[in-house]
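Chain by chain, the residues run as shown.
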Amino acid sequence: MPSNDVRILAQAAVPTAAVGAVAAVVSAVVAGGKGAIGAVAATVVVILFMGIGLYVLQRTARSLPHLFQMMGLMLYAAQILLLFIFLSVFRDTTLFNPKAFAITLVAGTLTWIAAQTRAHMKAKILYVEPESTTSGKSDKSGHSS
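Residues numbered from 1 in each chain as written. Predicted model: local features only at pLDDT ≥ 70, side-chain atom pairs only at ≥ 80, totals over all residues. Heavy atoms only, no water.

A. Expanded view of the packing of aromatic side chains. Per the counting criterion, the structure on display carries three aromatic pairs. Aromatic pair Phe 49 and Phe 86: ring centres 6.0 Å apart, planes at 80 degrees, arrangement edge-to-face. Of the two residues, Phe 49 sits in helix 2 (residues 33–63) while Phe 86 sits in helix 3 (residues 68–89), which places them 37 residues apart along the sequence. The partly exposed category is assigned to Phe 86, whose relative accessible area is 23%. (Phe/Tyr/Trp six-rings, centres within 6.5 Å; stacked < 30°, edge-to-face > 60°. Helix = DSSP H or I, 4+ residues; strand = E, 2+ residues; numbered from the N terminus. Buried < 20%, exposed > 50% of the residue type's maximum accessible area, 1.4 Å probe, protein only.)

So this is what it looks like as structure tokens:
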């Protein structure tokens, strides 16, 4: 991944992990050990889902730039759908507290989206790639006659 992508990934993952840590402490106090496990599991799921999504989106932007906007919309819709399915599957689990899991999942997702948006707005990314000065074209302009 280029340095801009890594920077954006870190600027989104770190606040999400921090929110997950706070949620784990709060869940441990409110719901005990199972609450903390649910909060940590939700944080890991959010970071994995959103991180993979960011990676796919950046690859698409490089290889198929004309599909970037459509791919971004489709990717976010797919991520939200997958998170909803994940919530539905683990709704009645006894492995962890489902309420702590769900609340942390929503909080982590909103944090990731806000942090990623902020990182993109702060990034100094060129919209147009400048032409190389070592191209095979002549520096002369005008007719060749």
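There's more to say after this.
B. Just helix 4 (residues 98–122), in detail. Helix length check: helix 4 (25 residues) gives 36 Å between terminal C-alpha atoms against 36 Å at 1.5 Å per residue, within 8%. Those residues of helix 4 lying buried are Ala 100, Phe 101, Thr 104, Leu 105, Gly 108, Thr 109, Thr 111, Trp 112, Ala 115, Gln 116 and Ala 119. Measuring from the backbone nitrogen of Lys 99 back to the side-chain oxygen at the start of helix 4 gives 2.9 Å, which picks out Asn 97 as the cap. (Expected span 1.5 Å × (residues − 1). Polar contact = N/O pair within 3.5 Å; in protein donor to acceptor, adjacent residues only side chain to side chain.)

C. Representation of the side chain of Thr 16 within the structure. Among the structural elements, Thr 16 can be located in helix 1 (residues 3–31). In this structure, Thr 16 is in contact with Thr 43, Val 46, Ile 47, Gly 108, Thr 111 and Trp 112, ignoring residues within four places of it in sequence. (Contact = heavy atoms within 4.5 Å.)

D. Spatial organisation of a nonpolar patch on the surface. Taken together, the side chains of Val 22, Val 25, Val 26, Val 29 and Val 30 present a nonpolar region at the surface, about 510 Å² in accessible area. Positionally, Val 25 belongs in helix 1. Judged by its relative accessible area of 55%, Val 25 is exposed. (Patch = residues over 30% accessible without salt bridge, like charges linked within 9 Å, V, L, I, M, F, W, Y side chains within 5 Å. Areas by Shrake-Rupley, 256 points an atom, 1.4 Å probe, with all protein chains shown as cover. Salt bridge = Lys/Arg side-chain N within 4 Å of Asp/Glu carboxyl O.)

E. Region of interest: the nonpolar core. Counting residues in hydrophobic clusters, the biggest one holds twelve residues: Ala 12, Ala 13, Ala 42, Val 45, Val 46, Met 50, Leu 83, Phe 96, Phe 101, Leu 105, Trp 112 and Ala 115. Of all elements in the fold, only helix 1, helix 2 and helix 4 reach the threshold of two or more residues within this core. Excluding residues within four positions of it along the chain, Ala 42 makes contact with Phe 101, Thr 104 and Leu 105. (Core = buried A, V, L, I, M, F, W, Y, C linked by side-chain atoms within 4.5 Å.)

F. The packing of helix 2 against helix 4, seen in detail. Contact geometry of helix 2 with helix 4 gives a least axis separation of 8 Å together with a crossing angle of 35 degrees. For the crossing formed where helix 2 meets helix 4, the hand is right-handed. Looking at side-chain class alone, the contact of helix 2 with helix 4 contains 13 nonpolar, ten polar and no charged residues. (Axes fitted to C-alpha atoms, helices over the stretch in contact; angles between N-to-C directions. Left-handed = near helix turned anticlockwise from the far one by under 90°. Nonpolar A, V, L, I, M, F, W, Y, C, P; charged D, E, K, R; others polar.)

G. Spotlight on helix 3. In this model helix 3 runs 31 Å from its N-terminal to its C-terminal C-alpha over 22 residues, within 8% of the 32 Å that 1.5 Å per residue would give. The complete set of buried residues in helix 3 reads Met 71, Gly 72, Leu 75, Gln 79 and Leu 83. Buried residues in helix 3, looked at end-on, bunch into an arc of 105 degrees, giving them a common side. Among the exposed residues of helix 3, those oriented more than 90 degrees off its buried face are Gln 69, Leu 73, Leu 81 and Phe 84. (Arc of directions from axis to C-beta.)

H. Expanded view of the packing of helix 3 against helix 4. Between helix 3 and helix 4, whose axes approach to 11 Å, the crossing angle comes to 165 degrees. Accordingly, the angle class assigned to the pair helix 3 and helix 4 is roughly antiparallel. Considering only the axes of helix 3 and helix 4, their crossing is right-handed. Contact residues: helix 3 offers Tyr 76, Ile 80, Leu 83, Phe 86 and Leu 87, while helix 4 offers Phe 101, Ala 102, Leu 105, Thr 109 and Gln 116. Of the residues that constitute the contact of helix 3 with helix 4, the class distribution is eight nonpolar, two polar and no charged. (Parallel < 35°, antiparallel > 145°, perpendicular 65-115°, else oblique.)

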